[in-house]
Amino acid sequence: MSEKTHASEIESREVAEAAREEDWNQRSFSKRLFNGGLALDILRHVPEPDPEQAARGEAFLERLRAFARDHIDGDAIDRDGWVPDAVLEGLAEIGAFGMKIPIEYGGLELSQRTYNRALEIVASRCGSTGAFLSAHQSIGVPGPLMMFGSDEQKRRYLPRLATGALSAFALTEPNVGSDPANMSTTAELSEDGSHWILNGEKLWCTNGPRADIIMVMARTPAREGVRGSRPISTFVVETAWEGVEVRHTCSFMGLKGLSNGVLLFRDVKVPRENLVWGEGKGLKLALMTLNVGRLALPAFCSASAKLSMEMCREWANERVQWGQPIGKHDAIAQKLGRMAADTFAMDSVVEITSNMADGKKSDIRLEAAIAKMWNTETAWTMCNDALQIRGGRGYETHDSLKARGEDPWPIERMVRDLRINLIFEGSSEIMRLFIAREAVDDHLKVAGPLADPRASTGAKVGAALRAAVYYAGWYPSRWLGWGRWPRYAEFGPLAGHVRWIDRTSRKLARNNFYQMVRFGPKLEKRQAILGRIVDIGAELFVMSCACGNADRMLGRDPSDRTPLELADAFCRQAKRRVDASFRALYRNDDVHTYDVARRMLDGAFEWLEDGPVSLEEMYGPATGVAQAGGDPDQPPLASTLASAASN
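What counts and what doesn't
- Residues numbered from 1 in each chain as written.
- Predicted model: local features only at pLDDT ≥ 70, side-chain atom pairs only at ≥ 80, totals over all residues.
- Heavy atoms only, no water.
- Helix = DSSP H or I, 4+ residues; strand = E, 2+ residues; numbered from the N terminus.
- Rg over C-alpha atoms; globule rule 2.2 N^0.38 Å.
- Contact = heavy atoms within 4.5 Å.
- Patch = residues over 30% accessible without salt bridge, like charges linked within 9 Å, V, L, I, M, F, W, Y side chains within 5 Å.
- Areas by Shrake-Rupley, 256 points an atom, 1.4 Å probe, with all protein chains shown as cover.
- Salt bridge = Lys/Arg side-chain N within 4 Å of Asp/Glu carboxyl O.
- Buried < 20%, exposed > 50% of the residue type's maximum accessible area, 1.4 Å probe, protein only.
- Pairing = 2+ DSSP bridges.
- Phe/Tyr/Trp six-rings, centres within 6.5 Å; stacked < 30°, edge-to-face > 60°.
- Lys NZ or Arg CZ within 6 Å of the ring centre and 35° of its normal.
- Polar contact = N/O pair within 3.5 Å; in protein donor to acceptor, adjacent residues only side chain to side chain.
- pLDDT = per-residue confidence, 0-100.
- Axes fitted to C-alpha atoms, helices over the stretch in contact; angles between N-to-C directions.
- Parallel < 35°, antiparallel > 145°, perpendicular 65-115°, else oblique.
- Nonpolar A, V, L, I, M, F, W, Y, C, P; charged D, E, K, R; others polar.
- Lys, Arg positive; Asp, Glu negative; His and termini not counted.
- Charge placed at Lys NZ, Arg CZ, Asp CG, Glu CD.
- Core = buried A, V, L, I, M, F, W, Y, C linked by side-chain atoms within 4.5 Å.
- Expected span 1.5 Å × (residues − 1).
- Arc of directions from axis to C-beta.

1. A look at the overall build of the chain
When helices and strands are counted, the chain shows 25 helices and ten strands. Rg of the C-alpha trace for the chain: 25 Å, near the compact-globule value of 26 Å for 647 residues, within the 12% margin. Principal-axis analysis of the C-alpha atoms gives the chain an extent of 75 × 65 × 65 Å. In the chain, the proportion of contacts linking residues at least 24 apart, taken out of those at least 6 apart, comes to 78%.

As structure tokens, then:
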């Protein structure tokens, strides 16, 4: 590895680590879960809703449902590639752009739970329209300003944002995807110190082409006496200012009405007071905003799951083949059973994480990341199954079905719209690395220098001694603990599953430790191993949500035991996936597959590409933008953290 490449990796690591929230000032259910404990009290805490806020929220949801039903036509938006101004104006009129903004600034100040329910309603009619609201409030200007803005910034911008001024968030660049260390957009303070001069280009800025106000991340000058690259800072920028230009509006395979594009900033004068939070805090701001902001995508996915379930239930009862409804054929019934169980689990994840966010008594950075990763992947699989169950009618478009008198259910559009969710706000691969890094934080605090190639011999010796003392107590405790009857008997028929989660959390902690011992510093490059560890923890978290939500629903209505059926079905299926992931930690073909991939990249199998008319023949030599520098191997675990904030 060349010195230049190595330096780029180190810089990426430093940028990412600087963006992390180093402290865990509040308890975390999932962090405890990865470390071998089951803190159900965190999961079961439900904040008492403010009666006035709850009534205001229900009234808003009723208005929103009527508006969505009567005025949002997802099929027309998909066909035209445009969300009409009248739709956005109507949403603004009923307060949808200020759902999370405090009342004192003209917003509705609704709970996270109500906000997610609202997003489900809108997304059920049109994913593109839902994205406008989500990008505006979950990752756009209101969230960061409410968390980190000055009083003056809040007074100046929040009332405008609450009443319909559209916002966006600009981080990604043509040369910067998963590695913000290569960011090139800059902001220099003017000679008189009155304003910043912003220059650069941002890619895939959701809402950007139609936005009024944008959060822009840029490099600012290195502070005097501080070594290293220029820090990344965040600014509030108005698109009406001179020098802001929409260079290109992007179009995608799905979410046809999405407003997303390339924004250019040429000598844009940004008032000095529009710097948010402080110089060098841009990536940390983005990551902390996303701790709650990511909860929007799981809600979108829950809505799609419910629609898939409704369509498949009706079709599988109606469609008769080989003498009986197709839903009674085992091949289809298996899909339907998984669909019902997974929909309940997804809805439970949204419910539980919303309550955790509203309670403000726990750190939810891991829960939000798991919810985003698990719900988006599960919804994609489920919608794909729904298309399969519908058969040719699933592949046929809404307009074509309608033209020939069939039920115009938009499965084809849903499949296209859902696919981006595995990429938005941190891809599934990045989410796994983000979760893995946070999950092993306690271990790195104890033995971190042992995995740091730059650590001195003295630091390594000190870390080894600390680790010996720590693990002498920690490791035996991961074998101890009672996870058998009668513990958790209050969960009734689900108690066995909860006990299994408890025992398996300790098994997960032990195996996490084994992999650290087994691979040492090389573990951060073994991303398939890390991914399996994360998948196990994610399944345990979702199982916990399903059991907790079912128990809560039974408490509200003891006569309805269907939630117990669904939670039981989900846990049975999840256990099999967890067992498979544990086995694959030790019996896999990861190294061989990686070697084949490297041989492929080196061109050893180019002969296999012969036959089709090549892409080079049709479009010319590839000119795609490559990442500058960086390790040609997988990115290190730490260097992927900040990328979780990218679009």
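Next comes the rest of the description.
2. With respect to a nonpolar patch on the surface
A cluster of nonpolar side chains, contributed by Val613, Leu615, Met618 and Tyr619, occupies part of the molecular surface with about 530 Å² of accessible area. Residue classification places methionine 618 among the exposed positions, given a relative accessible area of 54%.

3. Here's the deal with the pairing of strand E3 (residues 195–206)
By the criterion of burial, E3 is predominantly enclosed, with nine of the twelve residues buried. Examined bridge by bridge, strand E2 (residues 186–189) and E3 share four bridges and lie antiparallel to one another. By the bridge assignment for E3, leucine 189 is matched with tryptophan 196. Counting the residues between successive antiparallel strands, the hairpin from E2 to E3 contains five residues, one of them, glycine 193, with a positive phi of roughly 75°. As paired strands, E3 and strand E7 (residues 260–271) are joined by nine bridges and run antiparallel to one another. Residue pairing for E7: lysine 202 is matched across the bridge by leucine 263.

4. What about the packing of aromatic side chains?
Tallied over the entire structure, the rule returns twelve aromatic pairs. Ring centres 5.2 Å apart and planes at 65° place the aromatic pair tryptophan 196 and phenylalanine 235 in the edge-to-face group. A residue pair is termed long-range when its members are at least 10 positions apart, and tryptophan 196 in strand E3 and phenylalanine 235 in strand E5 (residues 232–238) qualify at 39 residues. No difference in accessibility class separates tryptophan 196 from phenylalanine 235, as the two residues are buried. A centroid spacing of 5.8 Å and a plane angle of 45° characterise the contact between tyrosine 475 and phenylalanine 513, whose relative ring orientation is tilted. Of this pair, tyrosine 475 sits in helix H20 (residues 457–477) while phenylalanine 513 is found in helix H21 (residues 495–519), placing the two residues 38 residues apart along the sequence. Under the relative-accessibility criterion, tyrosine 475 is labelled partly exposed at 26%. Put simply, the rings of Tyr470, Tyr471, Trp474, Tyr475, Trp479, Phe513 and Tyr514 pair up and form one aromatic cluster. Over the face of the ring belonging to tryptophan 82 we find arginine 210, whose NZ or CZ atom lies 3.7 Å from the ring centre. It is arginine 365 that lies over the ring of tryptophan 24; its NZ or CZ is 3.7 Å from the centre.

5. Topic: the side chain of histidine 398
Position of histidine 398 relative to the elements: it lies in helix H16 (residues 398–403). Within the local environment of histidine 398, its side chain forms a polar contact with the side chain of aspartate 75, the two groups lying 3.2 Å apart. Ignoring sequence-local partners within four residues, the contact set of histidine 398 consists of Asp75 and Pro408.

6. Digging into the pattern of salt bridges
Opposite charge on two side chains allows them to pair when their charged atoms are near. The final tally for this structure, using the stated rule, is 37 salt bridges. The residue aspartate 442 makes a salt bridge to lysine 31 at a minimum N-O spacing of 2.7 Å. Of this pair, aspartate 442 sits in helix H19 (residues 441–447) while lysine 31 sits in helix H2 (residues 29–34), and the two are 411 residues apart along the sequence. Residue aspartate 442 is classed as partly exposed on the basis of its relative accessible area, which comes to 22%. Residue class for lysine 31 comes out buried when judged on its relative accessible area of 12%. Between glutamate 173 and lysine 202 there is a salt bridge; the shortest N-O distance is 3.0 Å. Of this pair, glutamate 173 sits in the loop between strand E1 (167–170) and E2 while lysine 202 sits in strand E3, placing them 29 residues apart in sequence. The exposure classification of glutamate 173 matches that of lysine 202, with both residues buried. Within this structure, Glu21, Asp363, Arg365 and Glu438 form a network of salt bridges that share partners.

7. Regarding the confidence of the model for the chain
In the predicted model, the chain carries a mean pLDDT of 92, and the fraction of residues at 70 or more is 93%. pLDDT under 50 marks residues 1–7. Its contacts with residues more than four places away, or in other chains, come to six contacts.

8. Overview of the packing of helix H13 (residues 330–359) against helix H23 (residues 562–586)
One can describe the packing of H13 onto H23 by two numbers: an axis separation of 8 Å at closest approach and a directional angle of 105°. What the angle tells us is that H13 and H23 run roughly perpendicular. From H13, Gly337, Arg338, Ala340, Ala341, Asp342, Phe344 and Ala345 reach across to H23, where they touch Pro563, Leu566, Ala567, Ala569, Phe570 and Gln573. Residues belonging to the contact of H13 with H23 are distributed by class as follows: nine nonpolar, two polar and two charged.

9. Notes on a negative patch on the surface
Where like charges cluster on the molecular surface, the negative patch consists of Asp50, Glu104, Glu109 and Asp151. According to the relative accessible area criterion, glutamate 104 is exposed, its value standing at 67%.

10. Points about the nonpolar core
Nonpolar side chains tend to gather and get buried jointly when the protein is soluble and globular. Residues Phe29, Ile435, Phe541 and Phe570 are the most contacted members of the largest nonpolar core, which totals 86 residues. The dominant element in this core, judged by the number of residues it contributes, is helix H22 (residues 527–556), at 15 residues. Among all residues touching isoleucine 435, those that are not within four sequence positions of it are Phe34, Leu366, Ala369, Ile370, Met373 and Val534.

11. A few points about helix H10 (residues 151–162)
For H10, spanning twelve residues, the distance from its first C-alpha to its last is 16 Å, which sits close to the expected 16 Å at 1.5 Å a residue. For H10, the full list of buried residues reads Gln153, Lys154, Tyr157, Leu158, Leu161 and Ala162. Summarising the axial view, the buried residues of H10 lie within an arc of 130°, below the 170-degree limit, and thus occupy one face. Along its buried surface, H10 packs onto helix H8 (127–137), helix H9 (142–148), E1, strand E4 (213–219), E5 and strand E8 (275–276).

12. Focus: the environment of methionine 618
In this fold, methionine 618 is placed in helix H25 (residues 615–619). Sequence-wise, methionine 618 and isoleucine 103 are 515 residues apart; in three dimensions their C-alpha atoms are separated by 56 Å.

13. A closer look at unusual backbone geometry
Going from tryptophan 485 to proline 486, the amide bond is cis rather than trans, its omega being 5°. Residue tryptophan 277 is not a glycine yet carries a positive backbone phi of 75°. The topology assignment puts tryptophan 277 in the loop between E8 and helix H11 (282–293). For tryptophan 277, a relative accessible area of 32% gives the class partly exposed. Positioned with a positive phi, glutamate 425 is a non-glycine residue whose angle comes to about 50°. Looking at where glutamate 425 falls in the secondary structure, it is placed in the loop between helix H17 (411–418) and helix H18 (428–439).

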